[in-house]
Amino acid sequence: MPEKQLSGEVYYPKQQIIDHANAKCQDLYEFAKKDYVGFWEKEANDLKWFKKWDRVLDDSKKPFYKWFVGGKTNIAYNCLDVHTETYRRNKLALIWEGEKGESQSYSYFALRRDTCRFSNILRSLGVKKGDRVTLYMGRIPELMIGMLACARIGAIHSVVYGGFSVEALHERLEDSQSKVLIVSDGAYQRGKIVPLKQIADEALIRAATVESVLVVKRTGESINMEAGRDMWYHELMALPIAGNSCTIEEMDAEDPLFMLYTSGTTGKPKAILHTHGGYMVGIYATLKYVFDIHEDDRYWCAADPGWITGHSYIVYGPLLNGTTSFMYEGAPTHPYPNRWWQMIDKYGINILYTAPTAIRGLMRFGDAWPNRHDLSSLRLLGSVGEPINPEAWRWYYKTIGKEKCPIMDTWWQTETGMFMITPMPCVPLKPGSGTKPFPGLEMDIVDEEGKSVKPNEEGYLVIKTPWPSMLRSIWNDPDRYVNQYWSKFPGMYLTGDSARRDEDGYYWIIGRVDDVIKVSGYRLGTAEIESALVSHSSVAEAAAIGLPHELKGNAIHCFVILKAGFSKSDKLIEELRQHVGHEVGPIAKPEQIDVVDSLPKTRSGKIMRRVLKARALGLDPGNISTLEE
Ligand code: PRX
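Given the structure is predicted, the values throughout are model-derived calculations rather than measurements.

Caption draft 1: Main features of the side chain of glutamate 99. By the element assignment, glutamate 99 lies in the loop between strand 4 (92–97) and strand 5 (103–107). This buried residue, glutamate 99, is left without a salt bridge; arginine 339 holds the nearest opposite charge, at 6.2 Å. Other than its neighbours up to four places away in sequence, glutamate 99 contacts Tyr188, Gln189, Arg190, Gly191, Arg218, Tyr328, Glu329, Gly330, Ala331, His334 and Arg339.

Following this line, the structure appears as structure tokens:
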């Protein structure tokens, strides 16, 4: 028991969870508090380096921090080769189940072999260190193989979530100047086929840099294959040139590993850059301690590899820790709402990591569905992506975890690369709070002047110490990196979230303070939705806001001013919704679109979304002194 009695609804860790933990978390907090650089160095020493670093942290050119300076490594080597050189060679690295129920598994040996084969193919197509490769696929093993193959040869991967559509893909292909696109013919989702290759064909019309398109056959639907550009993955993988071994590129610790697009305050999505060295150390250590990874665990992160959660904690983190990762292709409720519980039972999953939106979505079907299955293999649960409402937390804890599995509510971002505010197995939990920063991190909540706020007061969530898996920059836009994250409060990283800290020092996330909307945990920018709307011939101006939604957390509401000659009709509204779906992706389809005559704007012409939101919620819009009459 901790010395201090905590306030509110508290769940203290069970003794068997504390005894099982692979580290005494109090020791970790204390060690890291005294010497956070030493803490990360110790973790880095668990991993293999072709050459050790000269310096752990170089902060001479803030905010362009460097970690493990002078070190040489490769994350793919640490994910695969280090295990195939040991008894883990025949251990399962990945178990996959398709939506239709078929399954596949890969030992570490097999995953390394297929990765090598694919690396050889990429090299033979002229892909070199530093080249960009875009991947646009469903949740299938080839996505993992593709990412690892890029990493092995030093190419920078850019995964575009399969739920995005034509314009979103086109923009990302063009901004990254990708040489190769790896795509699946289609993806299964709720029994239907999403025609990924067909969407890609449309996006490729204006993507001049793409020389080769490698197509993975998943659905077998007939697709267009453009001669000289499109090649089947399975045919390439069968060629003699795809040998079972492939020399590994020795990467500088600071060399980029991947770019991942995410939405920000204004304008186009930005590509966040992560590296081979520091990123690897951060996600290795956080996954090991937070989810208490053990040799015989079967771990399931139910996110999509197309988002940071999947990059860090489906692909790289589990493999670095030598655990067995489970991946499921489809929807949680297809064909029935017991699909997930059935797979936990079938594969003996020990750790489940998912998002509040999925928990709420499954909760509404009641307890009978999970109760039909044996969930006793579960030891730890996790949540990510948005604040979890206490009601969903309790259901997850009681009905799924049977009151024995602690819930790791992990707060982090595409930019942070790794968990930042999170419990560890020995930390007492409060439903809805991610508890405290991970060891080695100093975080704070500050007011407009950058001063710490008092307990329970709301303020800006900031990070005050550098961490190894921090973003290094924005692709091709270092100024935006500095302006967006490091200029509001000098020396502090601005997260874009507001939060409060209670009297026990527990953090409670309130939400975004910028123009980012979290829909079902997916991060979208108002700018992307608005520019999709104004690209329709009928729309003169548009504004998008997020309003609370019981299942999705937030839902997108839009306001449009129509061009002269167009008038409001149900048909037009539906056409606009479909248009956003086509341009950005189905996740961005507005819940509601209202036709209006004017939008509240500042005198300089900026739309005041805050005013729209307050009006829609019937709240006081606050300071409107800048509002144009
Ligand atoms: O607003 C916070 C919310 O998700 C944002 C980051 O989104 P993204 O970069 O897409 O990464 C999501 C997965 C790591 C944050 O700024 N968020 C993430 N996790 C939590 C959360 N809000 C509350 N609680 C969380 N556990």
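Caption draft 2: Main features of the pairing of strand 29 (residues 553–562). Burial runs high along strand 29: 8 of the 10 residues are buried. Taken together, the 10 bridges between strand 28 (residues 539–549) and strand 29 define a ladder with antiparallel strand orientation. The partner of glycine 546 across the bridge, within strand 29, is isoleucine 556. Connecting the antiparallel pair strand 28 and strand 29 is a turn made up of 3 residues. When strand 29 meets strand 30 (residues 592–595), the two strands line up parallel, connected through 4 bridges. By the bridge assignment, valine 560 is partnered in strand 30 with valine 595.

Caption draft 3: Region of interest: the state of the cysteines. According to the stated counting rule, one finds 1 disulfide in the structure shown. Each disulfide pairs two cysteine sulfurs, and for cysteine 25 the partner residue is cysteine 426, the sulfurs being separated by 1.4 Å. Taken together, the residues span a long stretch of sequence, with cysteine 25 in helix 2 (residues 25–34) and cysteine 426 in the loop between strand 20 (407–410) and strand 21 (443–446) at a distance of 401 residues. As a non-bridged cysteine, cysteine 116 has cysteine 246 as the owner of its nearest cysteine sulfur, 5.3 Å distant. Considering cysteine sulfurs only, cysteine 246 is the nearest to cysteine 150, which forms no disulfide, with 11 Å between them.

Caption draft 4: Seen up close, unusual backbone geometry. Residue proline 63 is reached from lysine 62 by a cis peptide bond, and omega for that bond is -5 degrees. Residues histidine 334 and proline 335 are joined by a peptide bond in cis, for which omega reads 0 degrees. Within the secondary structure, proline 335 sits in the loop between strand 17 (324–328) and helix 12 (339–347). In the Ramachandran plot, phenylalanine 68 falls in the positive-phi region, its phi being about 55 degrees despite a non-glycine side chain. Residue position: phenylalanine 68 is located in strand 2 (residues 66–69). We note that glutamate 403 has phi near 60 degrees; this positive angle belongs to a residue other than glycine. Tracing the chain through its elements places glutamate 403 in the loop between helix 15 (390–400) and strand 20.

Caption draft 5: Inspection of helix 2 at higher detail. Taken residue by residue, helix 2 has Cys25, Leu28, Tyr29 and Ala32 as its buried positions. For helix 2, the angular spread of buried residues about the axis comes to 100 degrees, placing them on one side. Packed against the buried residues of helix 2 are helix 3 (36–44) and helix 10 (277–290).

Caption draft 6: Focus on the nonpolar core. The biggest cluster of nonpolar side chains holds 115 residues, and the ones touching the most others in it are Phe118, Phe291 and Tyr316. Other than its neighbours up to four places away in sequence, tyrosine 316 contacts Ile75, Cys79, Met147, Leu148, Ala151, His157, Leu257, Phe258, Tyr279, Ile283 and His311. By size, the runner-up hydrophobic cluster in this structure holds 43 residues, among which are Leu196, Ala207, Ala542 and Ile556.

Caption draft 7: Looking closely at the sheet that holds strand 16 (residues 298–301). Across the sheet, 7 strands lie side by side as 5-4-17-16-18-19-20; this open sheet has mixed pairing. At either margin of the open sheet sits one strand with a lone partner, and together these are strand 5 and strand 20. Along the sheet, successive strands turn relative to each other by an average axial angle of 20 degrees, direction set aside. Lying on the sheet, helix 5 (residues 108–124) is in contact with strand 4 and strand 5; it crosses strand 5 at an angle near 90 degrees.

Caption draft 8: Broad picture of the sheet that holds strand 30. Spatially, the 3 strands line up as an open sheet ordered 28-29-30, and their pairing is mixed. Where the open sheet ends on each side, the last strands, each with one partner, are strand 28 and strand 30. When the angles between neighbouring strand axes are averaged without regard to direction, this sheet yields 25 degrees. Those strands touched by helix 17 (residues 526–534) are strand 28, strand 29 and strand 30, and its axis lies near 140 degrees from that of strand 28.

Caption draft 9: Quick peek at the pattern of salt bridges. Under the definition given, this model contains 43 salt bridges. We note a salt bridge from arginine 112 to aspartate 81, for which the minimum N-O separation is 2.9 Å. With arginine 112 in helix 5 and aspartate 81 in helix 4 (residues 75–84), the pair connects residues that are 31 residues apart, well separated along the chain. Note that arginine 88 is salt-bridged to glutamate 295, the shortest N-O span being 2.6 Å. Pair noted here: arginine 88 is in the loop between helix 4 and strand 4 and glutamate 295 is in the loop between helix 10 and strand 16, with a separation of 207 residues, a long-range link. Each of Lys197, Asp201, Glu226, Arg229 and Asp230 takes part in a single network of salt bridges with overlapping partners.

Caption draft 10: A look at the packing of helix 13 (residues 356–363) against helix 15. Interhelical geometry of helix 13 versus helix 15 gives an angle of 70 degrees and a closest axis separation of 10 Å. Compared by their axis directions, helix 13 and helix 15 come out roughly perpendicular. In this structure, helix 13 uses Ile359, Arg360, Leu362 and Met363 to contact helix 15, whose residues at the interface are Glu391, Ala392, Trp395 and Tyr396. Grouping the constituent residues of the contact of helix 13 with helix 15 by class yields 6 nonpolar, no polar and 2 charged.

Caption draft 11: Examining the site of the ligand more closely. Contacts to the ligand come from 17 residues, most closely from Asp409, Thr410, Thr414, Arg512 and Arg523. Between the ligand and glutamate 386, the relevant distance is 3.3 Å, taken from a nitrogen atom to a main-chain nitrogen or oxygen of the residue. Lysine 518 places a side-chain nitrogen or oxygen 2.9 Å from an oxygen atom of the ligand. Relative to its unbound accessible surface of 540 Å², the ligand loses 96% to contact with the protein. At the level of elements, helix 11 (308–320), strand 20 and strand 25 (507–512) are the ones that each hand at least two residues to the shell around the ligand. Of the residues that constitute the shell around the ligand, the class distribution is 6 nonpolar, 5 polar and 6 charged.

How each quantity is defined
- Residues numbered from 1 in each chain as written.
- Predicted model: local features only at pLDDT ≥ 70, side-chain atom pairs only at ≥ 80, totals over all residues.
- Heavy atoms only, no water.
- Helix = DSSP H or I, 4+ residues; strand = E, 2+ residues; numbered from the N terminus.
- Buried < 20%, exposed > 50% of the residue type's maximum accessible area, 1.4 Å probe, protein only.
- Lys, Arg positive; Asp, Glu negative; His and termini not counted.
- Salt bridge = Lys/Arg side-chain N within 4 Å of Asp/Glu carboxyl O.
- Contact = heavy atoms within 4.5 Å.
- Pairing = 2+ DSSP bridges.
- Disulfide = S-S within 2.5 Å.
- Arc of directions from axis to C-beta.
- Core = buried A, V, L, I, M, F, W, Y, C linked by side-chain atoms within 4.5 Å.
- Axes fitted to C-alpha atoms, helices over the stretch in contact; angles between N-to-C directions.
- Parallel < 35°, antiparallel > 145°, perpendicular 65-115°, else oblique.
- Nonpolar A, V, L, I, M, F, W, Y, C, P; charged D, E, K, R; others polar.
- Near = heavy atom within 4 Å.
- Polar contact = N/O pair within 3.5 Å; in protein donor to acceptor, adjacent residues only side chain to side chain.
- Areas by Shrake-Rupley, 256 points an atom, 1.4 Å probe, with all protein chains shown as cover.

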